[in-house]
Amino acid sequence: MHIIKGVILSVLLMSSTITLAASNEDDAAFNKRISQAIQASLSHLETSVALIKDPNLFPTYGNHDLTWQLNKSHKWTAGFYPGALWQGYQLSGDTRFQEWAKQWTESLADQTHDTGSHDLGFKFMATYGQALAISHDIDVGAYQQIMLFAANTLADRYHKNIQLLSSDWDDKYFENSIPVVIDIMMNLELLLWAAENGGDTQWAEIAKDHALKTYQDFIREDGSSYHIVRYNKTTGEVINKGTLQGDGDETTWSRGHTWIIYGMVVMYRYTHDDIYLQYAQTLTDYFIKQLPDDGIAMWDLDSKVLQPDTSASAIFASALIELSGYIQQQTKQAAYIQTYKRILNSLISTPYFIKDITKAPIINKSVHYYTKPNAIDVPAIFTDYYFLEALNRYQQKHIHNH
Ligand code: GLY
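Rules used throughout
- Position labels on residues start from 1 in each chain and follow its written sequence.
- Under the rules for a predicted model, residues below a pLDDT of 70 receive no local features and side-chain atom pairs below 80 are neither given nor counted, while totals for whole chains, interfaces and linings still include all residues.
- Neither water nor hydrogens contribute to the side-chain values; these are computed over all heavy atoms in the structure.
- At least two DSSP bridges between two strands are required for those strands to pair.
- Numbering of helices and strands runs from the N terminus; a helix is a DSSP stretch of H or I covering at least four residues, while a strand is a stretch of E covering at least two.
- Throughout, an axis means a line fitted to C-alpha atoms (over the contacting stretch in the case of helices), and angles, computed between N-to-C directions, take values from 0 to 180 degrees.
- What makes two residues a contact is simply this: any of their non-hydrogen atoms within 4.5 Å.
- Throughout this description, the term nonpolar core refers to a set of buried Ala, Val, Leu, Ile, Met, Phe, Trp, Tyr and Cys residues connected via side-chain atoms within 4.5 Å.
- Relative accessibility decides the category of a residue: with a 1.4 Å probe and only protein chains considered, values under 20% of the type maximum give buried, values over 50% give exposed, and everything between is partly exposed.
- Salt bridges are defined by distance alone: a side-chain nitrogen of Lys or Arg within 4 Å of a carboxyl oxygen of Asp or Glu.
- Working definition: residue near molecule or strand if any one of its non-hydrogen atoms lies within 4 Å of it.
- What qualifies as a polar contact is a pair of N or O atoms within 3.5 Å, subject to a donor-acceptor requirement within protein and to the restriction that residues adjacent in sequence count only when both atoms come from side chains.
- Where accessible areas are quoted, they stem from the Shrake-Rupley method and a 1.4 Å probe; at the residue level, only the protein chains shown are allowed to cover.
- Note on scores: pLDDT gives the predictor's confidence for each residue, bounded by 0 and 100.
- Two rings belonging to Phe, Tyr or Trp (six-membered ring only in the last case) form a pair when the distance between their centres is within 6.5 Å. Interplanar angles under 30 degrees mark stacking, angles over 60 mark edge-to-face geometry, and anything in between is tilted.
- Should the NZ of a Lys or the CZ of an Arg lie within 6 Å of a ring centre and within 35 degrees of the ring normal, that charge is described as sitting over the ring.

*Asks:* Whenever I open this one, the sheet that holds strand β7 (residues 238-242) confuses me. Can you help?
*Replies:* The strands that make up a sheet pair up through hydrogen bonds in the backbone, lying either parallel or antiparallel. The strand order across the open sheet formed by three strands is β5-β6-β7, and the pairing between neighbours is antiparallel. The sheet terminates laterally at β5 (177-181) and β7, the two strands that pair on one side only. Here the strands of the sheet are splayed against their neighbours by 20 degrees on average, with no regard to which way each runs. Alignment of β5 against strand β6 (residues 228-232), held across five bridges, turns out to be antiparallel. Residue Pro179 lies in a different strand from β6, and its bridge partner there is Arg230. Sheet strands in contact with helix α7 (residues 202-218) are β5, β6 and β7, and its direction is about 105 degrees off that of β6.

*Asks:* Looking at this structure, how should I read the nonpolar core?
*Replies:* Within soluble globular proteins, side chains that are nonpolar tend to cluster in buried spots. Counting 126 residues, the largest nonpolar core has Met264, Tyr386 and Phe387 as its most contacted members. Broken down by element, the residue count for this core peaks at ten residues, all from helix α8 (residues 254-271). Phe387 has contacts with Ser41, Ala314, Leu344, Leu347, Ile348, Phe353, Ile362 and Ile363, leaving out every residue within four places of it along the chain.

*Asks:* Help me out: how do you make sense of the pattern of salt bridges in this one?
*Replies:* Side chains that differ in sign of charge can pair as their charged atoms come close. In this structure the tally under the stated criterion is 16 salt bridges. Between Arg96 and Glu46 there is a salt bridge; the shortest N-O distance is 3.2 Å. Highlighted residues: Arg96 in helix α3 (residues 95-106) and Glu46 in helix α1 (residues 2-52), separated in sequence by 50 residues. Note that Asp94 and Arg96 form a salt bridge whose closest N and O atoms lie 2.8 Å from each other. A residue is classified by how much of its surface remains accessible, and Asp94, at 23% relative accessible area, is partly exposed.

*Asks:* What is the right way to look at the pairing of β7 in this model?
*Replies:* If a strand is regular, its side chains alternate between the two faces of the sheet. Note: β6 against β7, four bridges, orientation antiparallel. In the strand pairing of β7, Tyr231 is matched with Val238. The turn joining β6 and β7, which pair antiparallel and follow one another in sequence, is formed by five residues; a positive phi near 80 degrees is taken by Gly236.

*Asks:* Teacher, can you tell me more about the site of the ligand here?
*Replies:* Lining the immediate surroundings of the ligand are Trp76, Asp183, Gln245, Trp253, Arg255 and Trp259. In the environment of the ligand, an oxygen atom lies 2.9 Å from a nitrogen or oxygen atom belonging to the side chain of Gln245. One of the side-chain N or O atoms of Arg255 is found 2.6 Å from an oxygen atom in the ligand. Relative to its unbound accessible area of 200 Å², the ligand is 92% covered by the protein chains.

*Asks:* Sorry if this is basic, but what is going on with the environment of Ile260 here?
*Replies:* On the secondary structure map, Ile260 appears in helix α8. The class for Ile260 is buried, based on a relative accessible area of 0%. Residues Ile260 and Lys172 lie 88 residues apart in sequence; the distance between their C-alpha atoms is 23 Å. For Ile260, the residues in contact, after removing those within four places along its chain, are Ile182, Met185, Thr214, Ile219 and Leu283.

*Asks:* Even after reading the chapter, I still don't get the confidence of the model for the chain, so can you show me in this structure?
*Replies:* In this model, the chain carries a mean pLDDT of 94, and residues with pLDDT of at least 70 account for 94%. Of all helices and strands in the chain, the one with the weakest mean pLDDT is α1 (75), whereas α8 scores best (99). With pLDDT under 50 throughout, residues 1-17 is counted as low confidence; its partners more than four residues away or in other chains account for zero contacts.

*Asks:* How do you make sense of the packing of aromatic side chains when you look at a structure like this?
*Replies:* Any pair of aromatic rings gets described here by the distance separating the centres and the angle formed by the planes. Under the definition given, this model contains 26 aromatic pairs. Lying over the aromatic face of Tyr369, Lys372 brings its terminal NZ or CZ to 4.4 Å of the ring centre.

See the structure below:
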């Protein structure tokens, strides 16, 4: 009996040693592929600088021939390209990336007073905010001042009666309406940062109000989300719930859902209030259940049109790396780690990763706007930005830590 037990035990031990060795080898092989993807991504960024040349021009969306459409600093996407260059600096330590990042970042200075945009958080956190966090070669006072101006402008969008920041657009007319989109969750970090760095401390309260109210009004019982909610300007009551960029009013637009996940993770990072951690997990668990085998979400989680959107999965992968670090429960943490590895594994592979480094964009197959021409199955600068951020977070957690 003892002998049989001993044999079983040693077989079990042997097989677990083999599994462990196999998983270490798998990890090493995967990490090597991630490192190669980082090198290739840096080459894409170098190509982009050589092609764009002018720091007053910013990539927005890509064309089918894998070139960037360029626009001026007023576009909501303008922060992602300088942000990507800062990520390039973090990934490589190569000071050329820092120089390029500074040039494109400083071209955004004219945007601090843009009262027409709800996206100042996107623009300034990826650029001035990232620079302040990582660079020793900037004018800290001037950069902080710019962040505070931008936060002040954003805070002006707060409506006390609905406890939310208003959106800058809607595609339908409702009388006496204040529209709010789920995307604004990504702009709260600017307010949280500013409240901690010399700005009005009330700005942090605005961010909290906005996050709590967004969860309350945008999230359905099952953890899925609306894209837009319209409120009555006078009474503050909800007039209507629906979508701007998803397939239908009752569906879940993938990118919007990942914007709120990422936003909740940021809320937890700044406040350490468990409510945001719970919200982030509910939203995350819903999203993971809808992912196909390769981890690349469809553009809309409920649409019959099965068009993958790499942007949602890149945003999600980056948020999930951070979120997994906050999870105490081991099986859940392991499931989250396995999920972001699955997503990254696809993003660094064909058909998503662009192998040809003479092309400027890094990742293909995003959906910018399903109903607009040439806005499907193309690169998008925010996909590249969050992909690079995910690589950077992955490298810090799994490669540099060993
Ligand atoms: N914030 C606009 C978008 O995600 O397309």
